[in-house]
Amino acid sequence: MEDTIAAISTSLGVGAISIIRLSGKEAINIVNSIFNQKDLTKVKTHTINYGFIIDNEEEIDEVLVSVMRKPKTFTMEDIVEINCHGGIATTTKILELVIDHGARLAEPGEFTKRAFLNGRISLLEAESVSDLIESVSEKQRKLAINGLNGRLTNVIKKIRDKILDLIANIEVNIDYPEYEDAIEVTHNYLKEKVNKIKKDLELLLSNASVGKIIKSGIDVALIGRPNVGKSSILNALLNEDKAIVTDISGTTRDIIEAKMVLNGITINLIDTAGIRETSDIVEKIGVDKSKQIINSADLIILVLNNNEELTEEDKELINEVQEKTNIIFVNKNDLKTKIKLDNKLNVIKGNTKELNGLEDLKQKIIEMYNLDKINEKDLTYLSNVRQITLVKGALESITKILKDIEKNIPIDMLEINLRDAFDKLGILIGETYEYELIDKLFKNFCLGK
Amino acid sequence: MNYDIIVVGGGHAGCEAAHIAAFLGKKTLLITMNKNNIADMPCNPSIGGTAKGVIVRDIDALGGLMGKVADESHFQIKMLNSKKGPAVRSLRCQADKITYPQNMLKKLEATNNLTIKEALVEDIIVKDNKIKGIILSNQEKIMCNSLILTTGTYLKSNILRGDVSLEGGPHGEKRSNFLSDNLKKLGFTIQRLKTGTPPRIKASSIDFTKCSPEYGDNIYYTFSHDDEPIYKIEDQQKCYLIYTNNKTHQIILDNLDKSSMYGGYVTGVGPRYCPSIEDKIVRFKDKERHQLFLEPESMYYDEWYIQGFSTSMPEDVQDQMVHSLEGLETSIITKYAYAIEYDAIDPLQLNPSLETKIIENLFTAGQINGTSGYEEAAAQGLIAGINASRKLEEKEPFILKRNESYIGVLIDDLVTKGTQEPYRMLTSRAEYRLLLRHDNADLRLREYAHTLGTITSEMYENYQNHLAEINNLKEFLKTTKLEINLEIKEKFKNNDFSLPLNKTPLIELLKRPEITMEFLDEMINIPFDNSIKDIVSIDIKYEGYIVKTKKEIEKMLKLEEKQIPKDIDYKKIKNLASEARDKLERIRPISIGQASRISGVNPADISILAVYLKKEYNND
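Residues numbered from 1 in each chain as written. Chains lettered and ligands numbered in written order. Predicted model: local features only at pLDDT ≥ 70, side-chain atom pairs only at ≥ 80, totals over all residues. Heavy atoms only, no water.

A word on the overall build of chain B
1) Next: Broken down by element type, chain B carries 20 helices and 22 strands.
2) Next: Compactness check: chain B gives a C-alpha radius of gyration of 26 Å against a globular reference of 25 Å for 620 residues, within 12% of the reference.
3) Next: Expressed as lengths along the three principal axes of its C-alpha atoms, the size of chain B is roughly 80 × 75 × 50 Å.
4) Next: Across the 620 residues of chain B, 61% fall into the buried class.
5) Next: Long-range contacts, defined as pairs at least 24 residues apart, comprise 72% of the intrachain contacts of chain B with a sequence gap of at least 6.
6) Next: In the form shown here, chain B has an accessible surface area of approximately 24800 Å², with 47% of it arising from carbon and sulfur atoms.
7) Next: The average position of the 82 basic charges and that of the 88 acidic charges among the side chains of chain B differ by 4 Å. (Helix = DSSP H or I, 4+ residues; strand = E, 2+ residues; numbered from the N terminus. Rg over C-alpha atoms; globule rule 2.2 N^0.38 Å. Buried < 20%, exposed > 50% of the residue type's maximum accessible area, 1.4 Å probe, protein only. Contact = heavy atoms within 4.5 Å. Areas by Shrake-Rupley, 256 points an atom, 1.4 Å probe, with all protein chains shown as cover. Lys, Arg positive; Asp, Glu negative; His and termini not counted. Charge placed at Lys NZ, Arg CZ, Asp CG, Glu CD.)

Encoded structure:
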C-alpha cells in the first residue's frame, strides 16, 4: 500500500467546485510538483494554501490546496485535496497531471479501504466496511460497464482485438520461430498497425469532447468592448428561445448568465458584461480578464461594432480568439459600415434592433458542433474521467511504441507496451486478460508438433 | 527395507527428483519398470525449444541433470530467436534417443545414496494421512518417509490407433492399473488427458533430395553452466523440412471417422498446442499445406521422426498419408503414430511445494500433474525432490516466484489455475520474461542452489567467477572513456552516428540505441568474453524496460508477502462471492498474490479477504 492514489471526490460537472483527493506517501510531493505558489512540503499540516496548478509553465487553474499530514487524516496517510473550479475539462486535466506525476487512479472504495487497513476505522466497523467495499465496487463495476453504451463497448473491443491480434502474432513468432505461416512482425509492419490503433484511440478521445457536450453543454462566452451590444445580443437570444434566465454564480471568474437549448444541447451563455462594466479600469484589465475567459470557454463570440473602425483593443481581441473556436458577430449592421475585417475571419453580421442575424448565429453554432447530427444513442462517447484517463493511458503506451520503433528496440520488448494498452482498455470494458491470449494463439494459428 | 525417499517412475521428472534427493543426502530409491527406459524420450527427439530451453538452463543452475546430459547427447544445437530480442532466445538440441538415456543412467548410477529398482507400483501405504510406503504388483511392500510419484503417462494408459485401443504405455510397456484408482479412493480428483505422437520412418526409405535441409548453428553452445562443448560444429546432423499437400488432406478428410479422435474413441482432452494433423486440417480448412520436419531419432538406429504429423488414424490410413508426402512416396513406417490417453491428478490439489494437500509427504511431478514435455517434467521433478528432502529436515519449502524462473511460472499456474489440457510452457505465459532469460539463469538461481545445497562448491565457484567478470565489465565501462581522435571521428561519421563529447564513458555511449558493444570494441579493446558482453549489454540497453518490469514485480511481490494463514475458514468471511469462496476453499492459496491470480476471484473479493485477514489476524 505504498503507492499514492488519486480520484475526483466530488460529482463531476455538478458542483461549482471540484475536489481532487490524493492519499499516500507521495501525495504532497506530487501536488507540490504542479503547484506554483509555495513549497507544499514545508507548509504546516492541516492548512489551506492558495495558488495555481501548473503544467510546465502554463497555469491550469486557480486553486486551494489542503495539506493534511499523517496520521491525523481519514486514511492515516498524507492527504492532499485540490479544490478547483469545477468543469470537466479543468478537473480532468488536474487529475491527469497528478497521475502523470506518479499517482495511480484509485479503485472504487479505496480511500475507505485504506482508512480501515491503516486502523483509522475500528475493528468493530470492519464488517460494515467490507459491506461498503463490496457494494461500492460492485456498483462501480456495473457502472463502469453500463456507463459505456453498447456501441462504445464494441468500438473499444474492436481496438482491443486489433491489439490482441498483434500480440498473438508476435507471440507466435517467438514461441514458434520456425512456423512460417504466421506473418513475421517486423518494425515496419508493427509501425503500420500501431499507427492505425493510434488513430482509433485518438478518434475516441476526440469524440470524448462530444460526450462532454451532451453531458454538460457548450460554454459560450460573449466578449467585446463595452457598448458593442453583448447584453442585447444575449437578451435577444434568450427572449426568442424563452429560456429561463438563471443567476447561478459559478466561480469568481465566470458568470453563467443564462442557459438556452439548441437541438437538445445546452448552451451555457457566459456574459462578461457584468465584470467589465463594474470595473473602472476597463481598458487596462479588460483584455486580461477576457483572456481568462477565452481560455475556459468552448466557444467565443466576439462582438464588434459595425459602425466603428477597429480599435487597438479590438485587434488584440481578434488575435486572442484565433486560437480558440470562435465566431465574430459584427453588430449594428443597420448603421453605416465603418469596420474593416480580414475576410478569413468567421464572421456573422446582424443587429439586435431588427433581430437580424441571430438565426444565422444559432445556425452557425449548430453547424460548428454538428448539433444536428448528435444523436445520443448512436455515437461513441467517452463521458467520464475514468474512461478518458484509461484511453489516454492506452494512447500513451501506443505512442511509446512508435518512438521505440525508431530506436530499433526489439519487437518482444515493444510488446510490453502493447500489453499495457490492451490491459487499460480491458479495465475500461470490464474484461480481464486471463486466458484470452493463449486462446487466441491457438485459435488463429495452426501450431503444433 | 526403509528409504528416506522413494521416487516412482524413471522419466525426466523421476530422474531429477531421485538425483537431487540423493545428492541432498537422502537414502533414495528410484523405481522404474525398465532400466533401459530411464529418461526415455517417447515423443520428439529434442530437448529445449522456446521457453523450454530456458527451463533447462534453470534446471542446470539449480543443480539438475537435464542440461548436462543433453550437452553430452545431442547431434545438433540451435539458438532459437537469435535475431529477436534477448529476452526470448532459447536453446534447442536434437538429442539422441539412445545416448541420452544411457548418459542419464550413468549419472544416476554414479550418484551416492541412490538405488535403482525395476518394479511396477500399484498402491501406496498411507497412515493418518501420511505416506508410509508403496506396494508393488507382486505385493512386496517398501517403506519410506516421503514418496514422489512421477508416473508419466503410465496410469491406466491406452494406446489408440483408429478403433484399436491397447492397454499400456509407450513402447508397449505395462501400465499401472490400480494406482490411479487407489489415489482416487484417497480423495484425489483424477482427470483423463490425451496426447499423441507422429509416425517414425526408416531413413533409408526417404528421398532426401526432395526435402530441404535445416542446419545447426555455427556457434558453440551448451545448456549447462559448467560444461565446455564436446561436439564439433561440422559434425552436426541435418534435419529436413517438407510439406503436406492436397492429396494428404484428401486422404485425411476421407478417413476422418476412422481416427480415434474423430471416431469418438477418445475420452481424454488433448492439448491445443499439439494438435493431430487431422485436427489441423479440419480446423484450418483453407490452408493449402502444413509444415513437417523430419528429424533423426538417433545416430544408432535408422528411424526418423515426422514432427507435425501426429495422428490417431488406423495403420493402413497412416501408410497412405505418409506415402502422399513428397520424398516419402515409398517410405517404410517403422512405428505407427498413436494417441495415448492416461490418468492425471488435478494439480489444484497440490501445494506450490508439489506436496499433495491430502497426503503429507506425498509429492507428484511431471505428466501426472497434467503437464506435457520433458523439460516441464524435469523441472517439477527437481523441485519435488528438493522439497521432499527439505520436508524431512523440517525446512521451509523452496518455492520459486513468477519473476525468478519459468519453473515458478509453471508451478504457480498449475497449482493456482489448474489445467484442462496437458500444460506446455510458452514464453507468453511469463509476464516477466524480460528477466527470465537464457543468459541470466545462473544469476537468478545459483545463489539459491548454493543455499539449498544442490550444487557442488566447484559449481558455485564457477558462478562467482562469472558474476565477478560481469561486475568487472560494468566497472570497466564506467571508468573507460572514449577519447575522440580523427580515426574515431571518421568511424562515427561513416556509420552516420552523431559524434559524442570527448571522454564520454563507454557506458553512456552504450545507452544509445545505435551503439553496440562490437562497435565500441573496434575502437577500444574490451577484454571480456562475448557471453559476459551480452549480459551486460542487455542490462544497459534495455534498462528502461527492465526498470518497468521490476516495478511491476515489486507490486506483485507485495501481494505475495501477504500470507494467508493455513487454517483460514473461508465460510466465515461475509460478502465473498460464492464462486470466489468455492475456489479459495479448493485452492487454498498461500498468499493474497496467489489468490488474486485465481480465475473467478475478482478484486472486490481480494479486498474483502484483505479486510478479513486484518481483522482476524491483524495481518498487514
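Alright, that's what it looks like, and here's the rest.
Structural notes on the domain arrangement of chain B
1) Next: According to the domain assignment, chain B contains domain 1 (2-196 + 342-452), domain 2 (200-339), domain 3 (457-545) and domain 4 (562-617).
2) Next: The centre of domain 2 of chain B, based on its C-alpha atoms, is set 47 Å off from the matching centre of domain 4 of chain B. (Domains from an automatic or database assignment.)

So, the sheet that holds strand β2 (residues 18-23) of chain A
All names here are of chain A.
1) Next: Sheet architecture is open: six strands sit in the order β3-β4-β5-β2-β1-β6, paired in mixed fashion. Looking at which strands have only one partner, the edges of the open sheet turn out to be β3 (47-55) and β6 (104-105).
2) Next: Pairing between strand β1 (residues 5-8) and β2: four bridges, direction antiparallel. In the strand pairing of β2, alanine 6 is matched with leucine 22.
3) Next: Those strands touched by helix α3 (residues 110-117) are β1, β2 and β6, and its axis lies near 135 degrees from that of β1. (Pairing = 2+ DSSP bridges. Axes fitted to C-alpha atoms, helices over the stretch in contact; angles between N-to-C directions.)

Focus: the nonpolar core
1) Next: Ranked by internal contacts, the top residues of the largest apolar core, which has 102 residues, are Ile6(B), Ile47(B), Tyr100(B), Ile134(B) and Leu147(B).
2) Next: For this core, the element with the highest residue contribution is helix α9 (residues 374-392) of chain B, accounting for nine residues.
3) Next: In this structure, Val194(A), Ala87(B), Leu435(B) and Tyr545(B) belong to the second largest nonpolar core, which totals 46 residues. (Core = buried A, V, L, I, M, F, W, Y, C linked by side-chain atoms within 4.5 Å.)

Focus on the packing of aromatic side chains
1) Next: On inspection of all chains with the given rule, the structure shows eleven aromatic pairs over all chains.
2) Next: Here the aromatic rings of Phe497(B) and Phe519(B) are separated by 5.0 Å at their centres, their planes lie at 70 degrees, and the arrangement is edge-to-face. One end of the pair, Phe497(B), is in the loop between α13 (486-494) and β22 (504-505); the other, Phe519(B), is in helix α15 (residues 517-521), with 22 residues separating them in the sequence.
3) Next: For Phe497(B), a relative accessible area of 18% translates into the label buried.
4) Next: For Phe519(B), a relative accessible area of 7% translates into the label buried.
5) Next: Three or more aromatic residues link up through ring pairs in this structure, and these residues are Phe208(B), Tyr240(B) and Trp304(B).
6) Next: The ring of Phe111(A) carries Arg21(A) above its face, with NZ or CZ at 5.4 Å from the centroid. (Phe/Tyr/Trp six-rings, centres within 6.5 Å; stacked < 30°, edge-to-face > 60°. Lys NZ or Arg CZ within 6 Å of the ring centre and 35° of its normal.)

As for empty space enclosed by the protein
1) Next: The final tally for this structure, using the stated rule, is five cavities of 30 Å³ or more.
2) Next: Considering only enclosed or pocket space, the second largest cavity measures out at about 70 Å³ in volume.
3) Next: Lining of the second largest cavity is provided by Glu178(A), Gln76(B), Lys78(B), Arg92(B), Gln94(B), Glu214(B), Cys239(B), Phe293(B), Glu295(B) and Gln307(B).
4) Next: Contributions of two or more residues to the lining of the second largest cavity are made by β4 (74-80), β5 (90-95) and β16 (291-296) of chain B.
5) Next: A per-class count over the lining of the second largest cavity returns two nonpolar, three polar and five charged. (1 Å grid on protein atoms, 1.4 Å probe; cavity = no way out; pocket = protein on both sides within 12 Å on 5 of 7 lines; lining within 4 Å. Points joined across faces, edges and corners; volume = space filled by probe spheres on them. Nonpolar A, V, L, I, M, F, W, Y, C, P; charged D, E, K, R; others polar.)

What about the state of the cysteines?
All names here are of chain B.
1) Next: All chains considered together, the criterion is met by zero disulfides over all chains.
2) Next: Free of any disulfide, cysteine 93 has its nearest cysteine sulfur in cysteine 239, 11 Å distant.
3) Next: For cysteine 93, a relative accessible area of 0% puts it in the buried group. (Disulfide = S-S within 2.5 Å.)

Points about the pairing of β16(B)
All names here are of chain B.
1) Next: Of all six residues in β16, six are buried; the element is thus mostly enclosed.
2) Next: Residues Gln291, Phe293 and Glu295 point to one face of β16 and Leu292, Leu294 and Pro296 to the other, with burial holding for every one of them.
3) Next: When strand β15 (residues 239-243) meets β16, the two strands line up antiparallel, connected through four bridges. Across the sheet, the residue bridging to tyrosine 243 is glutamine 291, located in β16.
4) Next: Bridge analysis of β16 against strand β17 (residues 303-307) gives four bridges, and the strand direction is antiparallel. From the neighbouring strand, glutamate 295 faces β17, where its bridge partner is tyrosine 305.

Description of the pattern of salt bridges
Residues and elements named next belong to chain B.
1) Next: Enumeration according to the criterion identifies 59 salt bridges over all chains in this entry.
2) Next: The salt bridge involving lysine 117 is made with glutamate 140; its shortest N-O contact spans 3.8 Å. Taken as a pair, lysine 117 in strand β6 (residues 114-118) and glutamate 140 in the loop between β8 (130-136) and β9 (141-149) lie far apart in primary sequence, 23 residues in all.
3) Next: In this structure, glutamate 393 and lysine 395 form a salt bridge, with 2.6 Å as the shortest nitrogen-oxygen distance. (Salt bridge = Lys/Arg side-chain N within 4 Å of Asp/Glu carboxyl O.)

Looking at the environment of Thr244(B)
Residue and element names in this part refer to chain B.
1) Next: Within the secondary structure, threonine 244 sits in the loop between β15 and α6 (246-254).
2) Next: Threonine 244 has contacts with His249, Ile277, Glu288, Arg289, His290, Leu292, Phe309 and Leu325, leaving out every residue within four places of it along the chain.
3) Next: Within the structure, threonine 244 has its side chain in polar contact with the side chain of histidine 249 (distance 2.9 Å).
4) Next: Within the local environment of threonine 244, its side chain forms a polar contact with the backbone nitrogen of histidine 290, the two atoms lying 2.8 Å apart. (Polar contact = N/O pair within 3.5 Å; in protein donor to acceptor, adjacent residues only side chain to side chain.)

Section: helix α1 (residues 12-23) of chain B
1) Next: End to end, α1(B) covers 17 Å across twelve residues, agreeing with the expected 16 Å (1.5 Å per residue, within 8%).
2) Next: The set of residues buried in α1(B) consists of His12(B), Ala13(B), Gly14(B), Cys15(B), Glu16(B), Ala17(B), Ala18(B), His19(B), Ile20(B), Ala21(B) and Ala22(B). (Expected span 1.5 Å × (residues − 1).)

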